[in-house]
Amino acid sequence: MKKFLYVLSLAMFPILLTRAQAPEKQNFQKAIDSIKTVLDTATDDTNKVKLYCRLSEKYLQINPGEMLRYGKSGMELSDKLHWKLGVAWSHFCIAGGFSGKSEYDSAIEHYTIAHKMFKDLNQMQRAVSALATLGYQYIQQNRFPIAQQCELDALQEYDAMHDELGEATCYRYIGLIFFSQKDYVKAEDYFQRALKNYSNLNRKNEMAQVLSNLARCYMCQQKYMEALDNLNRARTISEQVGNTAALMNHLVNIGEVYKMKGDYATAIEYNQKTLQLATDYGNKKMKGTCLGNTGEIYLRMAKDTIHRPTEQFKQENLVKSIDLLSQAIAIEKEVKVWDAVIEYSEELTTAYKLKGDYKKAMELTDEYLIIRDTVFSAKNIAQVNAAEKKYLLDLKNKEIEIQQLELIKKKHATVFYSIALVLLAIVIIISLRNNNEQKKLNEKISELVNEQEKVIQKRTAELALSNKTLVELIQYAAHNLREPLTRITGAMSIKEDLSEEEFNDDIWPQMVKASTDLDKIIIDVINRADQTINSMQQ
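So, a few notes on the structure that sits alongside this text.

About the cut-offs
- Residues numbered from 1 in each chain as written.
- Predicted model: local features only at pLDDT ≥ 70, side-chain atom pairs only at ≥ 80, totals over all residues.
- Heavy atoms only, no water.
- Helix = DSSP H or I, 4+ residues; strand = E, 2+ residues; numbered from the N terminus.
- Buried < 20%, exposed > 50% of the residue type's maximum accessible area, 1.4 Å probe, protein only.
- Contact = heavy atoms within 4.5 Å.
- Areas by Shrake-Rupley, 256 points an atom, 1.4 Å probe, with all protein chains shown as cover.
- Core = buried A, V, L, I, M, F, W, Y, C linked by side-chain atoms within 4.5 Å.
- Polar contact = N/O pair within 3.5 Å; in protein donor to acceptor, adjacent residues only side chain to side chain.
- Salt bridge = Lys/Arg side-chain N within 4 Å of Asp/Glu carboxyl O.
- Axes fitted to C-alpha atoms, helices over the stretch in contact; angles between N-to-C directions.
- Parallel < 35°, antiparallel > 145°, perpendicular 65-115°, else oblique.
- Left-handed = near helix turned anticlockwise from the far one by under 90°.
- Nonpolar A, V, L, I, M, F, W, Y, C, P; charged D, E, K, R; others polar.

**Comments concerning the overall build of the chain**
Looking only at helices and strands, the chain has 21 helices and 0 strands in total. Going through the 538 residues of the chain one by one, you find that 45% of them count as buried. Once local pairs closer than 6 in sequence are excluded, the contacts in the chain between residues at least 24 apart make up 68%. In the form shown here, the chain has an accessible surface area of approximately 27400 Å², with 53% of it arising from carbon and sulfur atoms.

Put into structure tokens, the structure is as follows:
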């Protein structure tokens, strides 16, 4: 069915932050209990935040509500401790909980914050993970241009890091985008790339997800045996690792294959199994899908005049179909999956027509046509595309701002080094000036010695005194010039370890004062030198 182009057969995203393989089913509760035991005695510090986040991630595959709850606990403590990394991690966990509950707007909000914070903290591995998972949320909302941009940017980052696991995840998400656009050849190509990487890394949980994706490609090409083979392989793996989210997708897709083959009883059986899991797990979107699928099956059975020709059988199935499709529409409206709302409304309209309730059928037709024109009108699509272009432009502008800040930092560094070189040049000039004056003085002394033999001893004594004064002057200059220069070079040495804000607030004022002090000392040295030279020339 059309809506399955958007269900995408995707289990919950992988835990990219921890990058650890999902535990076997029998170890799931043991791992959770172990973390809870440590958490009960933990003090309110950063280690406790880590425990909250790790416990949140353990619930990823089995209970999004608990994942959300522990993510919020981590957020609360991180805020209290002013620990930015903990805040970012908690945003990531909270987003995962919302995604598991099909609340994609909230998930996007928290993934966006997590991505920015990780990037600002130079946690690039985590930042790219958040970006790739953010793209998945856009896929779920059928916002494919922005989703593809997120995945391509993430793929480029993973390639630079030589991260085979991250690359595989992006391959899979890009495959889902092509699948949603009915380009099954490209979709299968990207799924196969992902499967190869996951197989090389022995990532069984992710292998199951891609097998399910490949099965969807085969289903849309009516290759039912290949589809069932891949889905059963995926189902076995997900049951072994205890991944409820993935298992639901495999089961609902198996039911879809049997529906396509006309085996309605088996299809309903698989949908009912999936519905129970979705209800326990709290996944609204999957619950709506199961109800809608089952409603469509009963409608098909009611329309079947060959195998089940009796009027009673027809009416019984129409009643079931109307009830299930109505429930499905209510849920799909709640999670804002409008394409599913339109499809189920069309099916429900058909059910009312077959039942003879034409008034209700007309009301439904008017309603879903309004939704279709509102949600999928050319004007609305243009607005969505414009909003996504603005978002992408904002991202590029942010990158430009960062580059400009880096240039400003480099410019500041150049200015500081230039000041230091100028000050050093001044010291050298003063030294040369003193040397020239000393040379002139020596020549004058020699002339006086030649002309005034009688006063040589007196002049020699005066010269000794003058030399002593010059030595004292040089010692004074060396000692006093060194102190402010040391402050300047010391400030330069720690510049790279500080943020621009810290440097401007704390260090730059000290450098200005040191430069001012140095200027005063240089003027004082020059004045002293002039006074000494004048006294010696008298």
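**Focus: the nonpolar core**
Soluble globular proteins: nonpolar side chains tend toward being buried together. Judged by nonpolar contacts, the single largest core of 83 residues is most densely connected at Phe118 and Phe191. Ranked by the residues each element gives to this core, the list is headed by helix α9 (residues 164-180), at 10 residues. Core analysis: the second largest hydrophobic core is formed by 28 residues, Ile297, Leu299, Met301 and Leu348 among them.

**Side note on the side chain of asparagine 205**
Note that asparagine 205 resides in helix α11 (residues 204-220). Separated by 2.8 Å, the side chains of asparagine 205 and asparagine 243 make a polar contact.

**Regarding unusual backbone geometry**
Trans is the common state for peptide bonds, and a negative phi is the common state for residues other than glycine. The backbone of histidine 162 shows a phi angle near 60 degrees, a positive value even though the residue is not glycine. Its location among the elements puts histidine 162 in the loop between α8 (144-161) and α9.

**Focus: the pattern of salt bridges**
It is possible for side chains bearing opposite charge to pair when their charged atoms get close. If you walk through the whole model with that rule in mind, you get 11 salt bridges. Across the pair arginine 193 and aspartate 189 runs a salt bridge, and its minimum N-O distance is 3.1 Å. In this pair, arginine 193 and aspartate 189 both sit in helix α10 (residues 184-201), 4 residues apart, roughly one turn of the helix. We classify arginine 193 as partly exposed; its relative accessible area is 34%.

**Quick notes on the packing of α11 against helix α12 (residues 224-241)**
One way to put it is that α11 packs onto α12 with a least axis distance of 8 Å and a crossing angle of 160 degrees. One way to sum up the angle between α11 and α12 is to call them roughly antiparallel. Taken as a pair, α11 and α12 cross one another with a handedness that is left-handed. Between α11 and α12, the contacting residues are Lys204, Asn205, Ala208, Leu211, Ser212, Leu214, Ala215, Tyr218 and Met219 on the first element and Tyr224, Glu226, Ala227, Asn230, Leu231, Arg233, Ala234, Ile237, Ser238 and Val241 on the second. In the contact of α11 with α12, the residues fall into 12 nonpolar, 4 polar and 3 charged.

**Considerations on the packing of α9 against α11**
Axis separation between α9 and α11 bottoms out at 11 Å; the angle between their running directions is 20 degrees. The orientation of α9 relative to α11 falls into the category roughly parallel. Here the hand of the crossing between α9 and α11 comes out left-handed. Mapping the contact onto sequence places Arg172, Leu176 and Phe179 in α9 and Gln209, Val210, Asn213, Arg216, Cys217 and Cys220 in α11. Considering only residue class, the contact of α9 with α11 consists of 5 nonpolar, 2 polar and 2 charged.

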